[in-house]
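Inside the fold
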Amino acid sequence: MEPYRIAVFVGSLRKESFNRRLALALEKLAGGRAHFEYLNIGDIPLYNQDHDTDFPVQGTRLKDRIRQADAVLFVTAEYNRSIPGVLKNAIDTASRPYGDNAFDGKPAAVIGTSPGAAGTAMAQQHLRNVLVFVNLAVMAQPEAFLQYKEGLIDADGGIGNDGTRKFLQGYVDRFMDWTAAHRQH
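Residues numbered from 1 in each chain as written. Predicted model: local features only at pLDDT ≥ 70, side-chain atom pairs only at ≥ 80, totals over all residues. Heavy atoms only, no water.

To continue, consider the overall build of the chain. Each helix and strand in the chain was counted, giving five helices and six strands. Counting helices and strands in the order they occur from the N terminus, the chain gives β-α-β-α-β-α-β-α-β-β-α. Whereas a compact globule of 185 residues would reach a radius of gyration of roughly 16 Å, the chain reaches 16 Å, a difference of no more than 12%. Its C-alpha atoms give the chain principal-axis dimensions of about 50 × 40 × 25 Å. Out of the 185 residues belonging to the chain, those deemed buried represent 46%. Considering only contacts in the chain between residues 6 or more positions apart, those separated by 24 or more positions represent 81%. Split by element, the accessible area of the chain, about 9,200 Å² in all, is 51% carbon and sulfur. Taken as two groups, the 21 positive and 21 negative side-chain charges of the chain have centres that lie 4 Å from each other. (Helix = DSSP H or I, 4+ residues; strand = E, 2+ residues; numbered from the N terminus. Rg over C-alpha atoms; globule rule 2.2 N^0.38 Å. Buried < 20%, exposed > 50% of the residue type's maximum accessible area, 1.4 Å probe, protein only. Contact = heavy atoms within 4.5 Å. Areas by Shrake-Rupley, 256 points an atom, 1.4 Å probe, with all protein chains shown as cover. Lys, Arg positive; Asp, Glu negative; His and termini not counted. Charge placed at Lys NZ, Arg CZ, Asp CG, Glu CD.)

This is how it looks when you write it as structure tokens:
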């Protein structure tokens, strides 16, 4: 069987993003079962309904990548107890104009890491509300909000301890099963 094509949204643009490290770790754990495509969301203009008739090329590129994917993975930071603005803008762009929602019916999962004790729990809850509205089939369990500490995941996606590796492997396995059960043919 061909590997699943996973469109990956990393909700942090920071060069040394902890969430990019987490996404790389998940990609490694998926092995040959999935190909992760990291979507460029940093250059998308702020969504403006006035541009729906002359849609920005960056938005069209994003929508095409999502449509080609079997599933969507959101790996997000938490900014001020919510979704990073760049991530919300990308979701708004990909779901518009009305009637041309690139996400419609695709399986999805949410995960994130942050140095705070609650990880990204608040951002993920807000994000789930938005994702359900744009009609993604969002995996409910397991929830995964990791507190990022030095050595948790290295710059290449290497996981620092066996307990975290085992937990994330279970998460990836469940996401692969979710994708198989919910992907559009």
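The structure having been displayed, the exposition proceeds.
What follows covers the environment of Ala 118. Counting through the fold element by element, Ala 118 comes out in the loop between β4 (107-114) and α4 (121-133). Ala 118 sits in the partly exposed class, given a relative accessible area of 46%. Between the C-alpha atom of Ala 118 and that of Gln 147, which follows or precedes it by 29 residues, the distance is 6.7 Å.

Okay, the pairing of β4 next. Counting buried positions along β4 gives eight out of eight residues, so the element sits mostly inside the fold. Where strand β3 (residues 71-75) lies against β4, four bridges are found, and the strand directions are parallel. Within β4, the position partnered with Val 75 by the bridge is Ile 111. Each parallel crossover has a hand, and for β3 linked through helix α3 (residues 85-94) to β4 it is right-handed. Relative to strand β5 (residues 137-138), β4 runs parallel, the two sharing two bridges. Its bridge partner being in β5, Pro 107 is matched across the sheet by Ala 137. Of the pairings in the sheet, the one linking β4 to strand β6 (residues 145-147) comprises three bridges and is parallel in character. Within β6, the position partnered with Thr 113 by the bridge is Leu 146. (Pairing = 2+ DSSP bridges. Right-handed = clockwise from strand over helix to strand, strands pointing away.)

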